[in-house]
Each structure stands twice: as C-alpha cells, then as structure tokens.
Number of protein chains: 2
Amino acid sequence: MDDISYKTYKNLIDEHILDFLPEIDHKSITLYDAMKYSLTAGGKRLRPILLLASCEFVGGDIGTAIPYACAMEYIHTYSLIHDDLPAMDDDELRRGLPTNHMVYGEAMAILAGDGLLTSAFEAMNKDMLLYLDDSVKLKRRIRAIYEISKGAGCRGMVAGQVADMEAENKQCSKEMLDYIHFNKTAALIAASVRAGAYLGGATEKQLRDLTGYAENLGLAFQIADDILDVCGDEQEMGKKAGNDEKKHKATYPCLYSLEECKAYLKDLTETAMSFLECYYDEAEFFNTFAEEMVARGK
Amino acid sequence: MDDISYKTYKNLIDEHILDFLPEIDHKSITLYDAMKYSLTAGGKRLRPILLLASCEFVGGDIGTAIPYACAMEYIHTYSLIHDDLPAMDDDELRRGLPTNHMVYGEAMAILAGDGLLTSAFEAMNKDMLLYLDDSVKLKRRIRAIYEISKGAGCRGMVAGQVADMEAENKQCSKEMLDYIHFNKTAALIAASVRAGAYLGGATEKQLRDLTGYAENLGLAFQIADDILDVCGDEQEMGKKAGNDEKKHKATYPCLYSLEECKAYLKDLTETAMSFLECYYDEAEFFNTFAEEMVARGK
C-alpha cells in the first residue's frame with residue numbers, strides 16, 4: 001500500500017510502540033526485552049492503523065489516540081505470543097523470526113504475553129487520568145477502552161481462539177467457521193475501528209457504518225490469511241506454508257474450493273466497502289485498505 | 001478468622017464471583033467452564049475482601065465495589081492458573097484440587113488465564129459506563145482501575161513472577177528476595193486496598209495509611225506462605241509441602257533460619273498494624289486480618 005496516510009499512521013505506531021510500556025525495573029529487564037522483541041518484530045500494525053484512521057475519519061485528533069493504538073498492538077502481540085506456544089500452535093517462526101518462546105523460553109513467553117495484555121490496559125487507564133476534568137473526552141475514552149476489552153475477551157478474541165482450538169481435527173460447519181473467524185480476528189479489528197471512532201467523537205451513523213466495514217474486513221482478512229497459507233510464498237509470509245492443513249485447522253479452504261474462497265473474499269471486501277460508499281472520497285483510505293486485503297489472497 | 005465482617009465480605013464475593021464474566025456463547029463453553037472451575041475452587045478471597053473492607057473503612061458503599069472486588073479475584077486466579085502451568089511451576093494440585101491444566105489441558109489453561117485477565121478489565125470498564133454522568137464517582141473508579149492495572153502488571157505482579165523465575169537455582173540476596181516478594185504478592189494486595197480506598201472516597205491520609213498497612217501485610221503474607229511450605233500441614237494447605245525447596249525457589253527460609261523468618265513475619269505484621277493505630281477500634285478488622293497472617297506462619 002503506498003497511500004501516504006498508511007505510511008504516516010504506521011510510522012507513528014512504530015515510533016511510539018515502546019512508549020506506553022510501564023517503566024520496568026532492571027531486576028525484571030528480561031521481561032522488557034521479551035515484550036520489546038515481539039513488539040518490534042516487523043508487525044504490519046493493521047489494528048492500530050485502523051484505529052488511527054477511524055479516529056481521523058470522524059474528525060478526531062490522532063495524536064491523542066496513539067496510546068490506544070499502541071495498546072491495541074500490545075493486545076494483538078500478546079495473542080500471537082501465546083498462540084505460538086508449544087501447547088497452542090507450536091510455531092517456531094513468525095514474520096521470518098524465531099517466535100518469542102524460541103528466544104526467551106516458554107515461561108518467559110507466557111509472562112511476556114501476560115505483561116503485554118496488562119500493559120495495554122495500564123496504558124489506556126493511565127491516559128484517562130489526563131482527562132479527569134474533561135467529561136466529554138473522558139466518556140469517549142471509557143467507551144473506547146470498553147470496546148477494546150470486549151473485542152479482546154471471552155466474547156471476542158479469546159473465545160475465537162478457544163473455538164479454533166476445539167475445532168482442530170474435526171469436521172467443521174460453515175456456521176462454526178464463521179464464528180471462529182469472526183471472534184478470532186474480526187472482533188479485534190472491529191474493536192480497533194470502533195475505539196478509534198469513539199475517541200474521535202463519531203456520530204451514531206458513522207459508528208454503525210465503520211462497524212459494518214470493519215466486521216466484513218476482519219472476516220476478509222482471515223480468509224485471505226487462510227488462502228495465503230495454502231498457496232502463499234513462504235519467504236513473503238515469514239513462516240511455513242501449509243501449516244493449517246498440517247495442524248488440521250478449521251479453515252475455509254478445507255470446506256470450499258480455492259475459487260469459492262476467493263469469491264467469498266471478494267464478496268466480503270465489497271460488502272465492507274459498501275458501508276462507506278456514502279462518504280465518497282473521504283473513505284478512500286478504507287477502500288484502499290480493503291482492496292489490499294483482496295490482493296493478499298489473490 | 002471468625003470476625004463477622006470477614007464472613008460477610010467473603011459471602012458477598014462467593015455469591016457474585018461469576019456475575020461479572022461476560023456472557024459466553026455456547027460455542028466456547030469450555031472456556032467458561034475452565035474459568036469457573038478455578039474461580040470456584042475454594043479460594044480464600046483475601047484480595048477482594050481487603051478491597052471491600054478498605055472501601056467500607058473509608059465510608060464507601062461496598063455494594064458498588066463488588067465488580068472491582070471480583071475483578072481482583074479474576075486477576076489473582078488467572079495468575080495462579082498460569083503460574084501452575086508445566087512451563088512455570090508445574091504444579092498438579094492447588095487447594096486440594098487438580099490444577100486447571102490437569103483438568104482442561106495446557107492450551108485451555110493458558111486461554112482461561114487470558115480470558116480471566118481480560119474479563120477483569122472488561123468488568124471494571126463496563127461498570128464505569130454506569131457512572132458517565134457522575135464525575136466524582138467516575139474519577140474514583142478510574143483511579144481504582146489504574147491502581148489495579150499497575151499492581152497486576154510489569155511494575156507489579158508480572159515483574160515479581162519474572163524475577164521469581166529467574167532467581168530459581170541461584171543464590172539470592174535479601175534485596176532481591178524483597179523485590180520478588182513485594183512485586184509477586186504485596187503489589188496486588190496493596191492495589192486491592194488502594195482500589196477499595198479510592199472507590200470509597202478516601203482522604204489522602206487514609207490512602208497513605210492503608211497503603212503502608214497493605215504493603216507490609218503483603219510481605220508478611222508471602223513470608224507466612226514460605227514458612228508454611230517448609231513446615232505446614234499438607235492436608236490443610238491442599239498442596240504438597242517442601243515444594244519451594246524442591247524447585248530451588250528463592251524464599252526467606254533459604255536465606256534465614258526459621259526462627260529469624262518468624263521474627264521477620266511478626267515484625268512486618270506489627271509494622272502493618274502500626275499504620276492504622278490512629279484509627280483505634282475502627283481498624284479492628286484490619287488488625288484481626290493481620291494477626292491471622294502471623295498465626296498462619298506460626
């Protein structure tokens with residue numbers, strides 16, 4: 001994506017990604033190193049970028065949304081660290097680099113994940129202390145943080161991980177697959193967009209439209225990932241292809257032909273974009289972003 | 001402890017402990033079962049009891065503090081589940097029952113811990129939505145939740161777990177041991193008391209005094225635990241004695257004689273109580289609570 005705002009958002013995140021970790025005592029410096037390792041291991045920053053873009057789209061000040069954007073990346077990164085653990089997906093490589101537990105050991109990887117998740121909430125709660133006397137901005141922040149906690153939790157990402165794990169080695173229905181993908185991926189993507197919208201002071205209509213966009217985008221994103229796992233370039237992905245099949249994961253390519261998956265991906269992407277049609281050019285960033293999703297799975 | 005308020009507080013927690021978990025879809029019901037299993041496995045509820053007691057001590061309404069008290073127990077419970085994992089302390093028994101991963105498997109135990117930690121913040125954030133138009137109560141809640149996130153995180157409990165793990169099999173200084181115990185245990189106990197105090201609308205002096213009490217109580221609590229591990233009754237503890245020595249954990253009984261440990265415990269407990277002397281009978285609950293700590297390690 002060569003859109004200027006994509007780069008601007010990504011640079012902002014990359015620049016500030018370590019700023020909202022608590023000041024850690026040298027006695028537990030390995031914890032800091034382990035968290036930093038995964039935070040700076042080349043993530044695409046999609047969720048925080050969407051949060052910033054959504055905040056700006058509704059007229060908000062993205063500078064003040066940065067703590068929430070970084071917190072979102074802390075949550076995403078914790079989920080990857082725990083997901084890669086031997087007891088979970090048992091992955092040795094992520095984005096072309098050894099996974100956290102391969103470098104720091106399993107115990108430290110568990111704690112680095114726990115530390116990142118807690119730091120995400122600590123950072124957002126700390127930010128709220130700055131707005132104790134501005135009730136409008138405070139309310140926006142409380143709503144944003146609640147969206148993020150819901151999307152990351154037992155009605156969102158964690159639920160998706162559980163269902164994903166339980167579906168391994170089983171015949172999986174389309175309904176169950178949609179549930180898994182919606183929760184595992186789309187919930188946190190929708191939470192990012194909704195949190196950004198709340199922070200920026202979105203109207204009810206803007207919030208509804210952005211949510212529709214994000215939920216469909218999130219599903220598209222996961223399907224593109226599934227397709228990539230079947231026929232992607234290992235070098236480009238930074239991990240081995242065919243992983244899902246080897247692990248008997250429930251994915252769309254197990255249930256449908258590749259052509260059908262690609263058609264579903266295109267369909268979801270178009271549905272996502274349709275939610276923002278009424279904003280014409282103002283939604284250009286989100287349209288380009290969605291088109292990139294389809295391109296990945298092509 | 002047969003103090004009437006102890007029972008009242010404990011009953012309140014036991015009664016409401018599952019109320020603040022999010023409504024979980026039947027597709028991820030195992031997640032709910034795994035979280036429920038550890039939440040109802042006979043915990044003493046010390047941290048939430050201290051939160052309620054502290055709220056009431058400063059004149060607050062404990063009914064409105066229950067979500068925060070339960071969230072505190074969710075955080076404590078997640079930390080036990082992760083701590084018991086094979087990659088961490090590898091414990092098979094906790095409070096006389098099989099540990100979470102022995103029942104639900106390692107992957108589900110990791111996710112149950114993640115789910116509990118996220119649910120704690122989700123519950124507290126959701127509660128804040130009820131007070132959007134009451135700026136006094138809202139500020140108290142924001143301060144309480146920030147205390148909890150700090151105490152649970154990388155400058156608190158997680159830092160303590162990391163230092164504890166890294167100190168295994170090593171000669172450990174008194175300074176390092178204090179750091180480990182302060183962070184691993186006292187930080188969350190102090191956070192419970194401070195959060196309760198904020199929720200109840202404490203004055204600066206009350207907050208300072210309660211903090212001094214809780215920090216010393218927290219250290220005393222960990223030393224009592226260390227002593228119990230050396231010479232406690234297995235039946236009563238619900239787990240094997242001699243665990244710490246077997247794992248070459250850094251504890252006070254490795255550094256000092258049992259007599260010295262008991263003297264240190266007594267000293268810390270007295271220091272804890274001294275912070276609340278000026279409140280005379282009003283601090284009776286906290287004094288009884290602290291005395292019980294010494295009695296455990298006797």
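Residues numbered from 1 in each chain as written. Chains lettered and ligands numbered in written order. Predicted model: local features only at pLDDT ≥ 70, side-chain atom pairs only at ≥ 80, totals over all residues. Heavy atoms only, no water.

An unreviewed UniProt entry annotates chain A as Farnesyl diphosphate synthase of Aminipila luticellarii. On record in UniProt, under Cofactor (unreviewed entry), the comment for chain A is "Mg(2+)". (UniProt positions renumbered as here; feature names shortened; annotations may be inferred.)

## Concerning the interface of chain A and chain B
Contact residues are listed per partner, giving 54 residues for chain A and 54 residues for chain B. Between chain A and chain B, the buried area comes to about 5,000 Å², and carbon and sulfur atoms account for 72% of it. Where chain A touches chain B, the interface holds 6 salt bridges. Lys27(B) is the partner of Glu175(A) in a salt bridge, and the nearest nitrogen-oxygen pair spans 3.1 Å. The interface formed by chain A and chain B contains 12 residue pairs in polar contact (both at pLDDT 80 or more). Sorting the residues of the side of chain A that touches chain B by element identifies α2 (29–39), α4 (66–84), α6 (106–129), α7 (135–152), α8 (157–167) and α9 (174–200) of chain A as the ones contributing at least two each. Among the elements that line the side of chain A that touches chain B, the one with the most residues is α6(A), at 16 residues. Residue composition of the side of chain A that touches chain B, grouped by class: 30 nonpolar, 10 polar and 14 charged. (Contact = heavy atoms within 4.5 Å. Buried area = accessible area lost by both parts, 1.4 Å probe. Salt bridge = Lys/Arg side-chain N within 4 Å of Asp/Glu carboxyl O. Polar contact = N/O pair within 3.5 Å; in protein donor to acceptor, adjacent residues only side chain to side chain. Helix = DSSP H or I, 4+ residues; strand = E, 2+ residues; numbered from the N terminus. Nonpolar A, V, L, I, M, F, W, Y, C, P; charged D, E, K, R; others polar.)

## Some thoughts on the environment of Glu175(B)
Mapping Glu175(B) onto the fold places it in helix α9 (residues 174–200). Separated by 97 residues in sequence, Glu175(B) and Ala272(B) have C-alpha atoms that sit 20 Å apart.

## Describing the relation of the copies chain A and chain B
Screw-axis analysis of chain A against chain B gives a translation of 0.0 Å along the axis, an RMSD of 0.0 Å, and a rotation angle of 180 degrees. What we have between these two chains is a two-fold relation. By residue overlap, the copies meet face to face through one surface: 100% of the interface positions of chain A are interface positions in chain B. (Least-squares fit on C-alpha atoms with pLDDT ≥ 70 in both.)

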